[in-house]
Amino acid sequence: MVVAEPVAKLLLRAGLSANAVTVLGTLATIGAAVTLIPTGHLVWAAVLTLFFAAFDMIDGTMARLRGGGTAYGATLDASCDRLSDGALFGAIAYWLIYVDQADKSTVVVALVVLALSQTISYIKARAEAGGLKVNGGLIERPERLILAVGGLFLDGLGVNLALEVALWTLAVGSVITVVQRLYKASRDPKANQRIAAPAGVPEPEDTH
C-alpha cells in the first residue's frame with residue numbers, strides 16, 4: 001500500500017483509468033511470458049512477471065481512490081488474471097517441450113496446473129454467481145504466482161529441478177484447492193436452493 005498509493009495517484013493524474021492499467025499490466029505480463037520463457041530467459045521472465053503482477057494492487061488502489069470499483073472493472077480484472085495465468089503456464093509448457101526437452105510427466109503436470117488454475121478461479125466465480133460464498137483454499141493466485149515465478153527464477157540460475165518441484169507442488173496443491181472449494185460450496189446454506197433453468201429450457205411439469 002505504501003508504494004501502490006503514490007503510483008496510483010501518479011497514474012490517475014496522467015489520465016489513466018484503473019481499467020486501462022489492468023489491461024496494460026496484463027498485456028505486459030503476457031508479452032514477458034510468451035517472449036522470454038520460450039527463449040530461455042527464465043530469470044528475466046520471473047522478475048518482470050513479479051513486477052507486472054504489482055499492477056493488480058495498483059489498479060485496485062486507483063479504483064478505491066476514485067470512489068470504488070465497478071462490476072465491469074471487477075469482471076475485467078478477473079478475466080485478465082485468467083489470461084495472464086494461461087500465458088504464464090502455457091509458455092512454461094512450451095519451454096519444457098521444445099527447449100528443455102523435459103520428461104513427459106513434467107509436461108503433463110504443467111498442463112494440469114494450467115487447467116486447474118483456471119478451474120480454481122471458475123469455481124469461486126460460478127459459486128458467487130449462484131449466491132454461494134467460496135473463499136480461501138491452499139493454492140490461490142498469489143501462492144500460484146510465487147511458486148511458479150520462484151521455480152522459473154531458480155531454474156534460470158541453474159538450480160536443478162527447481163521448476164519441476166514447483167510445478168508438482170502446484171499440481172498437488174491445486175487438486176486439494178479444487179476439492180476444498182467444491183466442498184465449501186456444497187456446505188453453504190444456500191447450496192441446495194433451486195435455480196432457474198437456462199433460457200430456452202422448459203421448466204419441469206408439476207406432476208402433483
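Refer to the structure presented above.
Residues numbered from 1 in each chain as written. Predicted model: local features only at pLDDT ≥ 70, side-chain atom pairs only at ≥ 80, totals over all residues. Heavy atoms only, no water.

Caption draft 1: Structural view of the overall build of the protein chain. Along the backbone of the protein chain there are 8 helices and 0 strands. Secondary structure elements in the protein chain, listed N-terminal to C-terminal, are α-α-α-α-α-α-α-α. Across the 208 residues that make up the protein chain, the buried fraction comes to 37%. Considering only contacts within the protein chain whose residues lie at least 6 apart along the sequence, 80% involve residues at least 24 apart. As presented, the protein chain carries roughly 12100 Å² of accessible surface, and 66% of it is formed by carbon and sulfur atoms. In the protein chain, 16 side chains carry a positive charge and 17 a negative one; their mean positions are 7 Å apart. (Helix = DSSP H or I, 4+ residues; strand = E, 2+ residues; numbered from the N terminus. Buried < 20%, exposed > 50% of the residue type's maximum accessible area, 1.4 Å probe, protein only. Contact = heavy atoms within 4.5 Å. Areas by Shrake-Rupley, 256 points an atom, 1.4 Å probe, with all protein chains shown as cover. Lys, Arg positive; Asp, Glu negative; His and termini not counted. Charge placed at Lys NZ, Arg CZ, Asp CG, Glu CD.)

Caption draft 2: Just the pattern of salt bridges, in detail. Throughout the structure, instances matching the rule amount to 7 salt bridges. Across the salt bridge formed by R141 and D81, the nearest N and O atoms sit 3.4 Å from each other. With R141 in helix α7 (residues 141–156) and D81 in helix α5 (residues 71–99), this residue pair connects regions lying 60 residues apart in the sequence. Each member of the pair, R141 as well as D81, carries the same accessibility label: buried. A salt bridge links D85 to R141, with the nearest nitrogen and oxygen atoms 3.1 Å apart. Of this pair, D85 sits in helix α5 while R141 sits in helix α7, and the two are 56 residues apart along the sequence. By sharing partners, the salt bridges in this structure join D81, R82, D85, R141 and R144 into a single network. (Salt bridge = Lys/Arg side-chain N within 4 Å of Asp/Glu carboxyl O.)

Caption draft 3: Looking closely at the packing of α5 against helix α6 (residues 104–129). Packing of α5 against α6 leaves a shortest axis separation of 9 Å and a crossing angle of 175°. One element, α5, and the other, α6, form an angle in the roughly antiparallel class. Counting all contacts with α5, which are made through R82, D85, G86, F89, G90, A93, L96 and I97, the residues of α6 involved are T106, V107, A110, L111, V113, L114, S117, Q118 and S121. Its residues assigned to classes, the contact of α5 with α6 comprises 9 nonpolar, 6 polar and 2 charged. (Axes fitted to C-alpha atoms, helices over the stretch in contact; angles between N-to-C directions. Parallel < 35°, antiparallel > 145°, perpendicular 65-115°, else oblique. Nonpolar A, V, L, I, M, F, W, Y, C, P; charged D, E, K, R; others polar.)

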